[in-house]
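Residue-level listing of the chains:
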Amino acid sequence: MDSTGTESTAGTGAEKDRAAVSLTRATPALAPAPAPAPAPTIAEAPDIQSHDTFVIKKTLSLTAGEYVVSVARPDGSEGEPVAYAREKRLSLRGQVTVYTDASRKSVLAAFKGRDHEVGHMYDVRDASGQSFGSFYEDAGASFLRRTWQVRQPGTMKLTGREHSRVVAFVRFIWEFVPYLEYVPFIWPYRFEYTESGKPLMTVTKKLGLHTRYVLEILAPDIDRRLAIAHTLALDALEVD
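Note that the structure is predicted; figures quoted are calculated from it, not measured.

Definitions and cut-offs
Residues numbered from 1 in each chain as written. Predicted model: local features only at pLDDT ≥ 70, side-chain atom pairs only at ≥ 80, totals over all residues. Heavy atoms only, no water. Patch = residues over 30% accessible without salt bridge, like charges linked within 9 Å, V, L, I, M, F, W, Y side chains within 5 Å. Areas by Shrake-Rupley, 256 points an atom, 1.4 Å probe, with all protein chains shown as cover. Salt bridge = Lys/Arg side-chain N within 4 Å of Asp/Glu carboxyl O. Helix = DSSP H or I, 4+ residues; strand = E, 2+ residues; numbered from the N terminus. Core = buried A, V, L, I, M, F, W, Y, C linked by side-chain atoms within 4.5 Å. Buried < 20%, exposed > 50% of the residue type's maximum accessible area, 1.4 Å probe, protein only. pLDDT = per-residue confidence, 0-100. Contact = heavy atoms within 4.5 Å.

### Side note on a nonpolar patch on the surface
The grouping of Phe-143, Leu-144, Val-166, Phe-169, Val-170, Ile-173 and Val-177 at the surface amounts to a nonpolar patch, some 630 Å² of accessible area in total. Counting through the fold element by element, Leu-144 comes out in the loop between β7 (131-137) and β8 (147-152).

### Some remarks on the nonpolar core
If you look at the biggest cluster of nonpolar residues, it comprises 43 residues, and the most contacted ones within it are Phe-54, Phe-111, Phe-135, Leu-215 and Ile-222. Here the element with the most residues in this core is helix α3 (residues 224-239); it accounts for nine residues.

### Regarding the confidence of the model for the protein
Model confidence for the protein is summarised by a mean pLDDT of 78, while 71% of its residues fall at 70 or above. At the low end of the mean pLDDT range in the protein sits helix α1 (residues 6-26), at 45; at the high end sits strand β11 (residues 198-205), at 96. Ignoring residues within four places in sequence, the model shows residues 1-11, a span with pLDDT below 50, making two contacts including any to other chains. Under a pLDDT of 50 for its full length, residues 16-44 has, in the predicted model, one contact with residues more than four places off or in other chains.

### Observations concerning the pattern of salt bridges
Following the criterion strictly, the structure yields eight salt bridges and no others. Residues Lys-58 and Asp-235 are paired through a salt bridge, measuring 2.8 Å at the closest nitrogen-oxygen approach. Remark: Asp-235 occurs in helix α3 and Lys-58 occurs in strand β1 (residues 53-60); sequence separation between them is 177 residues. For the pair formed by Lys-58 and Asp-235, the shared burial category is buried. Between Arg-212 and Glu-78 there is a salt bridge, with its nearest N and O atoms 3.8 Å apart. Here Arg-212 is found in strand β12 (residues 211-217), whereas its partner Glu-78 is found in strand β3 (residues 78-88), with 134 residues between them in sequence.

Rendered as structure tokens:
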């Protein structure tokens, strides 16, 4: 050190620099806060309104009937599944819930019967409980040939009846033969839905031991959820 103390001052500055570097190394930089996890979202319903033909297939177990609704391929085979439903057996009828997936976590539509002046009216509702359609069996017209009225508020009123009087009569007798009411009716039949005489929709039960329907919609304004729910009702409410 000289008499002016220059070396001492320089040494002191170097020590301060080393201390600062040491402090910087000892204190790690704070990591950025993690981004908040995305909020869970409700599963979206499949885009079924753009499709016109569906295949509804039912399988039976000891406790329930399982329905799978698929978009029909051009050759009539089953394509992408778009809806699922389950009907409990040996329980009160008149209530079926339709889901968007096999896990049955997201509701596409549901219908439930209620007493009405026409007999039983079935309201079809969405996942939030809002009604977007209804249907009921026309008891007076159904004596020999089953007839249904399907209502879609603000758009159309469909009348659906069995195409063949002969098959309709056989089905009518079938239900009154002891124990046959528990046997699936394997012969094919067809319902045709019209408004003012104009055909707008058909439901055809295919021939076979397995329960299988083809739903064909001829009008773009018909709510596919309503059409699918009603097709399920034709099976769940009539032929089990």
